[in-house]
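Fold and contact review
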Amino acid sequence: MSHTVMIVDDEENARLNISSFLSAQGYEVIGVPTLAEARSVIQRGNADIILLDVQLPDGYGPNLLEETARMPMRPPIILITAYGDIEMAVEAMKSGAHDFLQKPIQLAQLGKSIQRAQEIVSLRREIAHLRQAQHQSLDFIIGSDPAVQAVYHQAQRAAAAQVSVLITGETGTGKEILARAIHRMGPRSNKQMISINCAAIQPTILESELFGYEAGAFTGADKRKTGLMEVADGGILFLDEISSMPLEMQAKLLRALEERAFRRVGGTNLIRVDVQIIAASNRDLPTMIKDGKFREDLYYRLKVVDLHLPPLRERKADIPELVGLFMRQLNPGMGTNIYDITPRAMQALKEHHWPGNIRELRNTIERAILFCDQAFIDLPDLPPDILRKPA
Ligand SMILES: Nc1ncnc2c1ncn2[C@@H]1O[C@H](COP(=O)(O)OP(=O)(O)OP(=O)(O)O)[C@@H](O)[C@H]1O
Ligand SMILES: [Mg+2]
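Residues numbered from 1 in each chain as written. Chains lettered and ligands numbered in written order. Predicted model: local features only at pLDDT ≥ 70, side-chain atom pairs only at ≥ 80, totals over all residues.

**Let's talk about the nonpolar core**
Of all hydrophobic cores here, the largest spans 40 residues; its most connected members are Ile167, Ile182 and Ile278. Residue assignment for this core shows that the elements contributing at least two residues are helix 6 (146-161), strand 8 (165-168), helix 7 (175-185), helix 8 (203-211), strand 12 (236-240), helix 10 (247-259), strand 15 (276-281) and helix 12 (296-302). Broken down by element, this core gets its largest block of residues, five residues, from helix 6. For Ile278, the residues in contact, after removing those within four places along its chain, are Val165, Ile167, Ala179, Ile182, Ile236 and Phe238. Formed by 30 residues, the second largest nonpolar core is a distinct cluster that contains Met6, Val32, Leu65 and Ala89. (Core = buried A, V, L, I, M, F, W, Y, C linked by C-beta atoms within 7 Å. Buried ≥ 20, exposed ≤ 12 C-beta atoms within 10 Å, placed from the backbone. Helix = DSSP H or I, 4+ residues; strand = E, 2+ residues; numbered from the N terminus. Contact = placed C-beta atoms within 7 Å.)

Now the structure itself:
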């Protein structure tokens, strides 16, 4: 990924020279003559590295050092100082400048300095990326809703007791993220949580995925395969979208859970496992039981602890906290610095009915950050279906 260098210098010639040198090296270059313009480029997250002149028409360049100091993805700043102004340069380095170059600029030196800055930027991006990947799956906001607080409290107990948990709720209400929280809170956190999405796997291969198979069990089974149930031994098996599991498979799963053992497809040996089950469903299982599509005995076996996550429209007071979390999660990976939202935009978010629940809210914030060209999210950054008021 190519890096963008912003040159902040009021002398047009200086900008053009440096810019043609850096473009030839494969950098994207933006040149601006004032601090004000520099600030807006930074806020939009459009500068990876900054080359900064000291005396600018609208202020003192090094002020940017302090202004950007607390940005998580602050761009390295290289100062261009007047010849002999060592004292100033030393001060700048102390306040966090990446490097300084004296006028007249030696291009070879500039090239090296930018290269080092680029390495720092790449490293920071990688760290932010890893951190984001980790955080995204870990942060679970409880909020002020009493129902969710009760759910979380029960989740803690279920985690400690290592019993089966059934999590229900509409799409995007946080079932998977709650399952991860249970894994993290319980004594099995040092073992794996294996997830299987029953809706995404063809019914015919669900059994061999869960239980594994012996060599020769069917055409194409040339080697023994370990099933996920066995891989999860000692840990947790997360059965997502359990309502999509075919009835026949439900019976086999129930037997395995009751006996704490199963056989591989085509195998005769009984394999004993110790697995905690967390199942999730966004469909109403009691209705499915009435319709003969879900086994009642399995249902009771799964819901030793029954956790229901309410839809977002029933916990709108938690929207600001969620928005704050998503801004913290998303900005680093997107290279932006948008950590604020106007009251009227927040109000619009509170008035929406959120059919896609928390996932939809997260996607909305991601899109808003992408479209936003100020330091904060405002009404125009929100998608039309959120701005449209119900009649
Ligand atoms: N309590 C929460 N705190 C923070 N983020 C949340 C919370 N609940 C949901 N999210 C966010 O919403 C996204 C969707 O949540 P999740 O995948 O857990 O939903 P789900 O209930 O499993 O949905 P589906 O039924 O569609 O699978 C998550 O990736 C996470 O970013
Ligand atoms: Mg899910």
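From this point, the discussion proceeds with the structure in view.
**Points about the domain arrangement of the protein chain**
In terms of domains, the protein chain is made up of domain 1 (4-137), domain 2 (146-310) and domain 3 (313-387). Taking only C-alpha atoms into account, the centre of domain 1 sits 30 Å from that of domain 3. Considering each element in turn, the side of domain 1 that touches domain 3 owes the most residues, six residues, to helix 5 (residues 107-138). (Domains from an automatic or database assignment.)

**Comments concerning the site of ligand 1**
Within the structure, ligand 1 sits among 17 residues, and Ile141, Thr171, Gly174, Lys175 and Glu176 are positioned closest to it. Listing elements by their share of the shell around ligand 1, those giving two or more residues are helix 7 and helix 15 (357-371). (Near = placed C-beta within 6 Å.)

**Notes on helix 13 (residues 319-334)**
A rise of 1.5 Å per residue sets the reference length of helix 13, with its 16 residues, at 22 Å; its end C-alpha atoms lie 21 Å apart and thus fit the reference within 8%. Among the residues of helix 13, those classed as buried are Leu322, Val323, Phe326, Met327, Asn331 and Pro332. Where helix 13 terminates, the next one or two residues include Gly335, which has phi positive at roughly 70°. (Expected span 1.5 Å × (residues − 1).)

**Section: the packing of helix 6 against helix 7**
Close contact between helix 6 and helix 7 brings their axes to 8 Å; oriented N to C, the two are set at 50°. Looking at the two axes, helix 6 sits oblique to helix 7. With respect to the hand of their crossing, helix 6 and helix 7 are arranged in right-handed fashion. For the pair helix 6 and helix 7, contact is made by Ala155, Gln156, Ala158 and Ala159 and by Leu178, Ala181, Ile182 and Met185, respectively. In terms of residue class, the contact of helix 6 with helix 7 is made up of seven nonpolar, one polar and no charged. (Axes fitted to C-alpha atoms, helices over the stretch in contact; angles between N-to-C directions. Parallel < 35°, antiparallel > 145°, perpendicular 65-115°, else oblique. Left-handed = near helix turned anticlockwise from the far one by under 90°. Nonpolar A, V, L, I, M, F, W, Y, C, P; charged D, E, K, R; others polar.)

**Description of the sheet that holds strand 3 (residues 49-53)**
To summarise the sheet geometry, strands pair through backbone hydrogen bonds and adopt either a parallel or an antiparallel arrangement. One open sheet holds the five strands; their spatial order is 2-1-3-6-7, and the pairing between them is parallel. A strand with exactly one partner marks an edge of an open sheet, and here the two such strands are strand 2 (28-32) and strand 7 (99-102). Looking at each pair of strands side by side, their axes are set apart by 20° on average, direction ignored. Relative to strand 6 (residues 77-81), strand 3 is paired through four bridges, and the arrangement is parallel. Note on strand 6: the bridge partner recorded for Asp53 is Ile80. Here helix 1 (residues 12-24) sits on the sheet in contact with strand 1 (4-8), strand 2 and strand 3, set at roughly 170° to strand 2. Sitting on the sheet, helix 2 (residues 35-43) touches strand 1 and strand 2, and the angle it makes with strand 2 is about 145°. (Pairing = 2+ DSSP bridges.)

**What about the sheet that holds strand 15?**
As summarised here, the arrangement of the five strands in space is 9-12-15-8-16, forming an open sheet in which the pairing is parallel. Of all strands in the sheet, those bounded by a partner on one side alone are strand 9 (193-197) and strand 16 (305-308). For this sheet, the mean inter-axis angle between neighbouring strands, taken without regard to orientation, is 15°. Both strand 12 and strand 15 contribute to a ladder of four bridges, which runs parallel. Bridge pairing in strand 15 links Leu237 to Ile277. Sheet strands in contact with helix 7 are strand 8, strand 9, strand 12, strand 15 and strand 16, and its direction is about 165° off that of strand 15.

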